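Here is what each chain is made of, one letter per residue.
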Amino acid sequence: MDREFAFNSDGLHQAVELMGLDFTNSEGPDLPMELPQFGVGSMAAVNALAPSILGGAARLGEATSFAHMDPPTPWITWAITLWNASLNQNLLHPATAPVARQLEERVVAWLAPFFGMNGGHMTPGSTVANLTALWSARECAGITEVIASDGAHLSIAKAAHILGLQYLSVPMDANGSMDTTRLPSNLSKSALVLTAGATSTGAIDRFDLAGRAAWTHVDAAWAGPLRLSKYANVLAGIEAADSAAVSAHKWLFQPKESALVLFKDTERAHAAVSFGGAYLAAPNVGVLGSHGAAATTLLATLLAWGREGVAQRIEHCMDLAHCLRDFVVAHERLELYAEPQTGIVVWRPKDENLFDQILHKLPLGSTSTTTIAGVKWFRNVAANPSADINLLIAAIQKTLP
Ligand SMILES: *Cc1c(COP(=O)(O)O)cnc(C)c1O
């Protein structure tokens with residue numbers, strides 16, 4: 001046997017040991033410009049790459065990390081990812097992944113009911129989940145147009161473009177939700193996309209619109225997991241949609257790439273986006289061909305934590321966002337964009353001349369920025385349960401005159 005393919009306890013232990021070291025400020029390896037003729041060996045390669053790969057990444061679980069929708073991941077997902085890589089199963093083929101396919105079905109079956117859906121499948125992100133849902137909408141409901149708000153994620157316009165569908169963008173109201181007075185009256189050929197947690201503002205569109213169009217899709221990439229928490233009602237009405245997208249690599253703390261596309265009538269939706277091939281024992285459902293066992297890390301996390309464990313972490317993140325909101329509202333020099341609905345706090349100095357000064361003084365990775373209707377705002381996203389909100393508030397205070 002080629003030993004490079006065998007279980008190597010020393011090598012794997014070394015890789016794990018390196019994870020515990022602090023490589024901040026270390027230089028990257030001196031990599032050759034061209035593919036090397038001869039290899040350095042696996043152990044040497046692991047040692048050489050550790051400082052740049054481990055030291056060169058933003059630490060999403062750091063106390064001041066509160067900027068983006070990318071969460072830190074729990075250690076159980078690191079362990080299962082290692083197993084996944086070693087097995088390299090392909091969920092396209094039941095023969096190579098008999099159990100992994102069942103585990104994906106189980107994890108989808110666990111989560112779909114929270115959204116009023118009866119099934120679906122995993123995708124590498126909500127970009128692909130949105131595309132898949134709108135593809136089903138085109139096949140099942142004969143839609144010719146996709147309607148979403150100006151605050152919708154760019155993946156919606158992208159999906160319409162790929163699918164050859166018209167795209168209509170509806171203005172937002174002052175809170176960042178779709179201004180429903182601007183919707184066309186005839187939606188009989190339309191897929192209406194409602195966003196649950198707009199990427200910039202965290203705003204939620206009005207779900208009482210669900211069911212009014214030929215197809216309703218809810219893009220719950222960010223805020224979907226609130227359904228597992230005491231904030232489930234923030235997304236009340238989602239169950240009237242025909243499909244939903246949820247990114248597990250956002251608020252379910254999964255490593256990339258992990259998301260779900262869910263359907264009200266999965267049998268019909270899947271049939272519309274499935275292709276058989278002579279060499280395939282089971283039909284190929286959805287956009288991807290070969291794909292890996294992302295479901296196993298999600299299943300492991302849900303088994304380890306239970307719904308309670310997920311809820312507790314998301315609710316803690318919501319508490320952190322509310323602390324920041326309270327600080328902004330109480331501060332005479334700061335202004336809130338709108339009440340945060342899904343753990344995203346958007347704020348700015350009342351004096352716009354202070355914006356760049358604040359930006360440059362804030363700790364790297366603590367805060368992101370966004371532009372809404374031509375105005376620059378700071379944006380904080382509560383994706384990190386280990387964030388120390390007092391540290392962030394102190395950092396913001398220090399930037400102010
Ligand atoms: C992040 C996001 C997406 C895209 O999801 P990916 O998982 O990054 O592909 C779509 N919609 C919304 C609202 C998002 O926040």
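Nothing here was measured: the structure is a model prediction, and the numbers come from that model.

**Overview of the overall build of the protein chain**
- When helices and strands are counted, the protein chain shows 11 helices and 13 strands.
- For 401 residues, the compact-globule estimate of 2.2 N^0.38 gives 21 Å, and the protein chain sits close to it at 23 Å.
- Put simply, the protein chain has 401 residues, and 48% of those count as buried.
- A fraction of 69% describes how many contacts in the protein chain between residues 6 or more apart in sequence connect residues 24 or more apart.
- When the accessible surface of the protein chain is split by element, carbon and sulfur atoms take 55% of a total near 19,600 Å².
- Charged side chains in the protein chain number 26 positive and 36 negative. The centres of these two groups are separated by 5 Å.

**Here we look at the site of the ligand**
- Around the ligand, a shell composed of 14 residues is seen, among which Thr127, Asp219, Ser247, His249 and Lys250 lie nearest.
- Contact distances for the ligand include 2.9 Å between an oxygen atom and a backbone N or O atom of Ser126.
- If the ligand stood free it would expose 380 Å²; the protein chains cover 88% of that surface.
- Put simply, the parts of the chain that give the shell around the ligand at least two residues each are helix H5 (126-141) and helix H7 (248-251).
- The element that contributes the greatest number of residues to the shell around the ligand is H5, accounting for three residues.
- Here the shell around the ligand is composed, by residue class, of two nonpolar, 10 polar and two charged.

**Focus: the sheet that holds strand S6 (residues 243-247)**
- One open sheet accounts for seven strands, arranged S1-S7-S6-S5-S4-S2-S3; its pairing is mixed. Strand pairing shows two members of the sheet lacking a second neighbour, strand S1 (119-123) and strand S3 (166-170), which therefore form its edges. Each neighbouring strand pair of the sheet contributes to a mean axis angle of 20°, computed without reference to strand direction.

**With respect to the side chain of Asn284**
- Locating Asn284 in the fold gives a position in strand S9 (residues 284-285).
- One polar contact links the side chain of Asn284 to the main-chain carbonyl oxygen of Leu288, over a distance of 2.9 Å.
- The contacts of Asn284, once residues within four sequence positions are left out, are Leu92, Val273, Ser274, Phe275 and Gly289.

**Things to note about the domain arrangement of the protein chain**
- Each domain of the protein chain was delimited in the assignment, giving domain 1 (3-57), domain 2 (88-302) and domain 3 (304-399).
- Using only C-alpha atoms to locate each centre, domain 2 and domain 3 end up separated by 27 Å.
- Listed as interface residues are 30 residues of domain 2 and, on the opposing side, 27 residues of domain 3.
- Taking both partners together, domain 2 and domain 3 bury about 2,200 Å²; carbon and sulfur atoms supply 63% of that area.
- Counting across the domain 2 and domain 3 interface gives 13 residue pairs in polar contact (both at pLDDT 80 or more).
- Broken down by element, the side of domain 2 that touches domain 3 gets its largest block of residues, three residues, from helix H9 (residues 294-330).
- Each residue belonging to the side of domain 2 that touches domain 3 can be placed in one class, and the counts come to 18 nonpolar, 10 polar and two charged.

Conventions we followed
Residues numbered from 1 in each chain as written. Predicted model: local features only at pLDDT ≥ 70, side-chain atom pairs only at ≥ 80, totals over all residues. Heavy atoms only, no water. Helix = DSSP H or I, 4+ residues; strand = E, 2+ residues; numbered from the N terminus. Rg over C-alpha atoms; globule rule 2.2 N^0.38 Å. Buried < 20%, exposed > 50% of the residue type's maximum accessible area, 1.4 Å probe, protein only. Contact = heavy atoms within 4.5 Å. Areas by Shrake-Rupley, 256 points an atom, 1.4 Å probe, with all protein chains shown as cover. Lys, Arg positive; Asp, Glu negative; His and termini not counted. Charge placed at Lys NZ, Arg CZ, Asp CG, Glu CD. Near = heavy atom within 4 Å. Polar contact = N/O pair within 3.5 Å; in protein donor to acceptor, adjacent residues only side chain to side chain. Nonpolar A, V, L, I, M, F, W, Y, C, P; charged D, E, K, R; others polar. Pairing = 2+ DSSP bridges. Axes fitted to C-alpha atoms, helices over the stretch in contact; angles between N-to-C directions. Domains from an automatic or database assignment. Buried area = accessible area lost by both parts, 1.4 Å probe.

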